[in-house]
Amino acid sequence: MSGNAVACRRHEVSRADLNGLATLFSSHPLFGQPTSFLNEDNPFLRPLRPQDAATIDLTVKLAPSQIATNAALFGQRLLITIYEAELLFLPETMDRSRREAFAAFYDDDLKCLGERLRPGLEHQLFGFLDDEIETSGHWTMPSFRAYAEHALAQANTGESAVVHAILEARNPAAAADEFLVQLSSDFITEASAMARNVLGNYGPAQSGLFTILIDEYGYGVPASKHSTIFETTLKSRGLDHRPHAYWQFFLPSSLALVNYFHLVSRNHKHFGRYVGALLYTEATLAEANRQQSEMLRRIFGAEVDTRYFDEHHEIDVHHGRMAMERVIAPLVERVGDWILADVVRGFEEFKLLQTLADKDLMDQLAFGDRLFKAPMAGDFCSSHPDMWSGPDVLTFTEPKGEVSVLHIHDQAELFQVTEGAVEFTVGPLHSIELAAGQSIVIPGGRLHGTKVLSDTCSYRIRKAAGLGLAA
């Protein structure tokens, strides 16, 4: 690189530079303070909490155990915003404010700023995969087929842990709707990352992948497009079907699943990893969707539209075979066995990410389910007056309507309202009102936010460690 060139490589950007870029990017007016938890028909407005940038070292890659931390949430929100600047969104209503947001979201300066951030974020958020997944030996198509068949048979056996958790919840209907909300982070823009891979010229595998893509897009019929069918499912439950309406409620692990496919699709040197991940997700979704469809009908009966899940139960069996026979096999025939190591890596990487995401979702649903129990009254806090003194206690006073954008504390915290009232939310179907004297323990790793309901509200928080409280 010449001395005057802009440094684009990840290792040439320092912590100060990356954090400065993240602060600048997340401080853009599009990503600023909202007035509501929901984003109504404006996919360009994405609260990013720029104050978090200074607290996170973006040069340090996160461990798998950190997938449900505030650093992961902040980074995944940034990264999907950067990736999706290459996708086209058109709100259903394009008034002046939305036209201005449209122009700002796709502005070259903002996109260039995002590109300077992107390599560092990819390393921070997905660098752990280099340590967790290792392939060795010489792979051939016969050995790969045997490996994949065995792994997929195991993955498609038994009851889904997520389905079981939803059915066993105190309020299964709320848990099921929250599950649909998490899926909307991906399914409303379904196959967008896949579309990155159908350009160029690489032989029969390209046609095989394109066939899967046009299946996803309904062969040009809007009503048959898979994202449209999923929107119908959301509408049948009274949920918002518009892109990123539930932006604040997306878990970092849900965003990680979306971002991973963009990661391995945007840079075509990762194409082998992409098709491995594609095989895993297509070949496991059929059984998963069957169980999810049955779960939705069991909870909601005939009122829920399950066509999205029913169609995928059928078509993903076909797509799994296509991914193997019409994408991977011709790809290996064209370029050689060497690419199979990357295919295996992608298969295992997405399997790991899905496992982490399932646990994160179940933990979040369990926390939300506990909100249906009454919050703690002031008795415990009154009997421990010293707990609200010292440097670990933070106190806030906010005006009516003030929204604390949903975020995560990495350690359990005790939250107490001392004056006024707030809405405490962990999901669009899991909210409670907390009034003066009421408290709640927020487990580490759990997404949550508040909105002030009274003219003013004062509340305080402190670390829950050592208090003998169940998180």
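Because the structure is a prediction, the values reported are computed rather than measured.

Undergrad: For this particular structure, what's the right way to read empty space enclosed by the protein?
TA: Taken as a whole and judged by the stated rule, the model has two cavities of 30 Å³ or more. Approximately 80 Å³ is the volume found for the largest cavity. Contributing to the lining of the largest cavity are Glu-178, Gln-182, Phe-249, Leu-251, Leu-361, Gln-364, Leu-365, Gly-368, Val-426, His-430 and Leu-447. Looking at the lining of the largest cavity, the elements with two or more residues in it are α8 (172–187) and α15 (340–370). The residue inventory of the lining of the largest cavity, partitioned by class, reads six nonpolar, four polar and one charged. Considered as a void within the structure, the second largest cavity measures approximately 70 Å³ in volume. Together, Leu-62, Ala-63, Pro-64, Gln-66, Ile-67, Ala-72, Gln-76, Leu-125, Phe-126, Phe-128, Ala-256 and Leu-353 line the second largest cavity. For the lining of the second largest cavity, the secondary-structure elements that each account for two or more residues are α2 (70–83) and α4 (108–126). Across the lining of the second largest cavity, the residue classes tally to 10 nonpolar, two polar and no charged.

Undergrad: In this structure, what is going on with the packing of α8 against helix α12 (residues 252–266)? I would like to understand it.
TA: To describe two helices that pack against each other, one gives the angle between their axes and the distance between the axes. Contact geometry of α8 with α12 gives a least axis separation of 9 Å together with a crossing angle of 20°. Of the possible angle classes, the one that applies to α8 and α12 is roughly parallel. The hand of the α8/α12 crossing is right-handed. Residue-level contacts link Gln-182, Ser-185 and Asp-186 of α8 to Ser-254, Leu-255 and Val-258 of α12. Of the residues assigned to the contact of α8 with α12, the class counts are two nonpolar, three polar and one charged.

Here is what the cut-offs are and how they apply
- Here the residue numbering is sequential within each chain, running from 1 through the sequence in written order.
- For this predicted model, a pLDDT threshold of at least 70 governs which residues receive local features, and a threshold of 80 or more governs which side-chain atom pairs are given and counted, while totals over whole chains, interfaces and linings are taken from all residues.
- To get the side-chain values, all heavy atoms of the structure are used, and hydrogens and water are removed first.
- A pocket, in this scheme, is an open set of points on a 1 Å grid over the protein atoms alone with protein on both sides within 12 Å along at least 5 of 7 lines, while a cavity is a set where a 1.4 Å probe fits but cannot get out; residues line either one if an atom lies within 4 Å of a point.
- Grid points are joined across faces, edges and corners, and a volume is the space filled by probe spheres set on the points.
- Runs of E in the DSSP output that reach at least two residues are strands. Runs of H or I that reach at least four are helices, and both are numbered from the N terminus.
- Three residue categories are used. Nonpolar comprises Ala, Val, Leu, Ile, Met, Phe, Trp, Tyr, Cys and Pro, charged comprises Asp, Glu, Lys and Arg, and polar comprises the others, including Gly.
- Between N-to-C directions, angles cover 0 to 180 degrees, with each direction set by a line fitted to C-alpha atoms, over the stretch in contact for helices.
- Note on terminology: angles under 35 degrees are roughly parallel, angles over 145 are roughly antiparallel, angles of 65 to 115 are roughly perpendicular, and the others are oblique.
- Left-handed is the label given to a crossing in which the near helix is rotated counterclockwise from the far helix by less than a right angle, and right-handed is the label when the rotation is clockwise.
- Only heavy atoms enter the contact rule, under which two residues are in contact if any of them lie within 4.5 Å.

Function-wise, these values are silent; they only describe arrangement.
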